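Notes for the structure review
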Amino acid sequence: MTDSLFDVSGRIAVVTGGMGQLGAVYAAGLAERGMRVAIFDVADGDVPEGARAYAVDVTDRSAIEAALRELEVEWGVPRLLVNNAGLDSPPDAPAEEVGPFEDYPEASFDAVMDVNVKGAFLCCQVVGGAMAREGRGSIVNVSSVYGLLSPVQDLYAYRRERGETFVKPVAYSVSKSAILNLTRYLATYWARSGVRVNTLTLAGVWNDKPAEFLEAYEARVPMGRMLEAKEALGAVVFLASDASSYVTGANVVVDGGWSAW
Ligand SMILES: NC(=O)c1ccc[n+]([C@@H]2O[C@H](COP(=O)([O-])OP(=O)(O)OC[C@H]3O[C@@H](n4cnc5c(N)ncnc54)[C@H](O)[C@@H]3O)[C@@H](O)[C@H]2O)c1
């Protein structure tokens, strides 16, 4: 049986940051479900069947507009926008990025806010604006448990025990908090225009992280493990499909229980 409730086939999606770890899973997973997927990214990478890549820096409004124009001619107006492009400071970030809060570089703050907040804002203006003119669409703005709650600095204690300085930086958290209210603002603004806007909040995704980090992280999660990238896809399909037709302004939290205690 094919379930029409979750059917997204034939619809057009824009996935920003679609060359990254999670974005590639969304792009492939949506294409497998029959969506035509436009990847907006500054990086190159594999393009799954059913997808196309557009060189777009999400901080550049004219680049978003140019890609949308091309996309509209080739395919039509998108039904889904996943604002997934993002900058973070990974556990192996250079020392100046991960020092004390008091010394966190202003330029790093601007760079993170530019991609994570202004990039999502501009994509909403341009792509969301086109959806609103069509009277339909769904926007998924990606946040993090670090945007809901403070990072747990203890997870990085193993680095301090090695004599390194490591403080999980502030800009990522601030930027991901901003996403929550960008979502609420637009959900109400476009509520009667047929465009639904929701946040997808994720916990840390498993990849090749240092063993000490993994151990500390897993101990902190009620489910006892990190998120696997493919486990974030179900929420994106739900929010893209008519199964979520009355869901707007919400925060869908996929965090293994991280924020539950
Ligand atoms: N990985 C995690 O643990 C985790 C946890 C919670 C939330 N998230 C969020 O999920 C999203 C994806 O994370 P990821 O782990 O796949 O990251 P990633 O670094 O693997 O991918 C990010 C992608 O964004 C692209 N990008 C960066 N700047 C851009 C710009 N200016 N214009 C266009 N594209 C740009 C990069 O080229 C990359 O392909 C991010 O918003 C991140 O904050 C990730």
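Before any of the text, the structure's been laid out above.
Figured I'd write up the structure that's included with this text. (Residues numbered from 1 in each chain as written. Predicted model: local features only at pLDDT ≥ 70, side-chain atom pairs only at ≥ 80, totals over all residues. Heavy atoms only, no water.)

1. A word on the packing of aromatic side chains
Which entries qualify depends on this criterion: Between the rings of Phe, Tyr and Trp (Trp by its six-membered ring), a pair exists once the centres lie within 6.5 Å; its type follows the angle of the planes, with under 30 degrees stacked, over 60 edge-to-face, and the other angles tilted. A run of H or I in DSSP becomes a helix once it reaches four residues, and a run of E becomes a strand once it reaches two; helices and strands are each numbered from the N terminus. Buried means the residue's accessible area, taken with a 1.4 Å probe over protein chains only, is under 20% of the maximum for its type, while exposed means over 50%, and partly exposed covers the values in between. In this scheme, the term charge over a ring applies when either NZ of a lysine or CZ of an arginine sits within 6 Å of the ring centre and within 35 degrees of the ring normal.
In the structure shown here, the tally under the stated rule is eight aromatic pairs. Ring geometry for Phe40 against Tyr54: centres 5.7 Å apart, planes inclined by 65°, an arrangement best described as edge-to-face. On the criterion of sequence distance, the pair formed by Phe40 in strand β2 (residues 36-41) and Tyr54 in strand β3 (residues 51-55) is long-range, its members being 14 residues apart. Tyr54 shares its class with Phe40; the two are buried. Taken together through their ring pairs, the aromatic side chains of Tyr146, Tyr156, Phe166, Phe213, Tyr217 and Trp258 make up a single cluster. The lysine or arginine in question, Lys168, covers the ring of Tyr172, its NZ or CZ lying 5.5 Å from the ring centre. In this structure, Arg220 packs its charged tip against the face of Trp258, placed 4.3 Å from the ring centre.

2. What to know about the sheet that holds strand β1 (residues 12-16)
Keep this limit in mind: Here, a strand pair is defined by DSSP locating no fewer than two bridges between the strands. Where helices are involved, their axes are fitted lines through C-alpha atoms of the stretch in contact, as for all axes, and angles between N-to-C directions lie from 0 to 180°.
Strand order in the open sheet formed by seven strands is β3-β2-β1-β4-β5-β6-β7, with parallel pairing between adjacent strands. Of all strands in the sheet, those with a lone pairing partner are β3 and β7 (251-254), marking the two edges. Taking each pair of neighbouring strands and ignoring which way they run, the sheet shows an average axis angle of 20°. In this structure, strand β4 (residues 80-83) lies alongside strand β5 (residues 137-144), joined through four bridges in parallel fashion. Note on β5: the bridge partner recorded for Asn83 is Asn141.

3. Thoughts on the state of the cysteines
Formally: Disulfides are defined in this document as cysteine sulfur pairs within 2.5 Å.
This model, assessed by the stated rule, comprises zero disulfides. Here Cys123 stays unpaired: no disulfide links it, and the sulfur of Cys124, its closest cysteine neighbor, is 7.3 Å away.

4. Here we look at helix α7 (residues 211-220)
We apply this condition: Starting at the helix axis, one direction is taken to each C-beta atom, and the arc is that of these directions.
Burial in α7 covers these residues: Phe213, Leu214 and Tyr217. One side of α7 carries all its buried residues, which in axial view fall inside an arc of 95°. Away from its buried face by more than 90 degrees, α7 exposes Ala211, Glu215 and Ala219.

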